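Close look at the chain arrangement
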Amino acid sequence: EMLYCDSVKKIVAIKNKIIVQHLDSSINKINVEASPFALDDNTLLYSAFRTNKREYIEEGNTSNTKVRKLYQAIRKGNQWKFGGEFSGPFNVEEVHTANACLSVDKKRMYFSRCKENYKGDMICAIYVSEKNGEVWSEPVKLPKEINNPKYTSTMPTLATDPAKGNEILFFVSNRKGKGKL
């Protein structure tokens, strides 16, 4: 623990210049854009409704409901511009898709899909897609240990176990006794 404290002192002492930039209206719309994730230095993945009007969801009314999808922003020089829907087998009609993250080797993408269940509750599950060359595989829903069908599992993020080198998946869930969304 003392080593971690020493490393924090070194990190805080670094004088990096951080620039916060509000991205233009080709990306930011009236509704919330969320879960930005850098695929590389020039590509930003995020989720959004992509509309210029306020969207309200009326309880019990599923007709013409907008869903969140994965989109990309592309950097050209110092500007970020809308790059369209993220290509691949990720976005599905009538299902919210969001919260993407990549494995360290960039060969697996984990993300959430959310849809109302028969009770009208929004339930999310985590999926993974594997990259073979330039093509992403059809996403696979992770097993019941992660995606208990009675509860939401969402917002995946990855870390690496420093001792064993194994990939560790962290996620948010509303399971009883495990926390709340």
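Residues numbered from 1 in each chain as written. Predicted model: local features only at pLDDT ≥ 70, side-chain atom pairs only at ≥ 80, totals over all residues. Heavy atoms only, no water.

1. Quick look at the confidence of the model for the chain
The predicted structure's coordinates, where accompanied by low pLDDT, should not be read in detail. Which entries qualify depends on this criterion: In predicted models, pLDDT denotes the confidence assigned by the predictor to each residue on a 0 to 100 scale. In this description a helix means any DSSP run of H or I spanning at least four residues, a strand means any run of E spanning at least two, and both kinds are numbered starting from the N terminus.
Mean pLDDT over the chain stands at 85; residues scoring 70 or higher make up 87%. Mean pLDDT values over the elements of the chain span from 74, in helix α1 (residues 2–13), up to 97, in strand β9 (residues 140–141).

2. Some remarks on the sheet that holds strand β4 (residues 79–85)
Put simply, the rule reads: For two strands to pair, DSSP has to find at least two bridges joining them. Each axis is a line fitted through C-alpha atoms, taken for helices only over the stretch in contact, and angles between the N-to-C directions span 0 to 180 degrees.
As summarised here, the arrangement of the four strands in space is β1-β2-β3-β4, forming an open sheet in which the pairing is antiparallel. Both edges of this open sheet fall to β1 (34–40) and β4, since each of them pairs with a single strand only. Strand-to-strand twist of the sheet, defined as the mean angle between neighbouring strand axes without regard to direction, takes the value 30°. Relative to strand β3 (residues 69–76), strand β2 (residues 43–48) runs antiparallel, the two sharing six bridges. Bridged to alanine 48 within β3 is lysine 69.

3. Brief notes about the pairing of strand β7 (residues 122–132)
The sheet contact formed by strand β6 (residues 108–116) and β7 spans nine bridges and is antiparallel. Bridged to methionine 109 within β7 is serine 129. In this antiparallel pair of consecutive strands, β6 and β7, the connection spans five residues, and glycine 120 shows a positive phi of 90°. Inspection of the sheet shows β7 paired to strand β8 (residues 135–136) by two bridges, in the antiparallel sense. Residue pairing for β8: lysine 131 is matched across the bridge by tryptophan 136. Counting the residues between successive antiparallel strands, the hairpin from β7 to β8 contains two residues, one of them, glycine 133, with a positive phi of roughly 70°.

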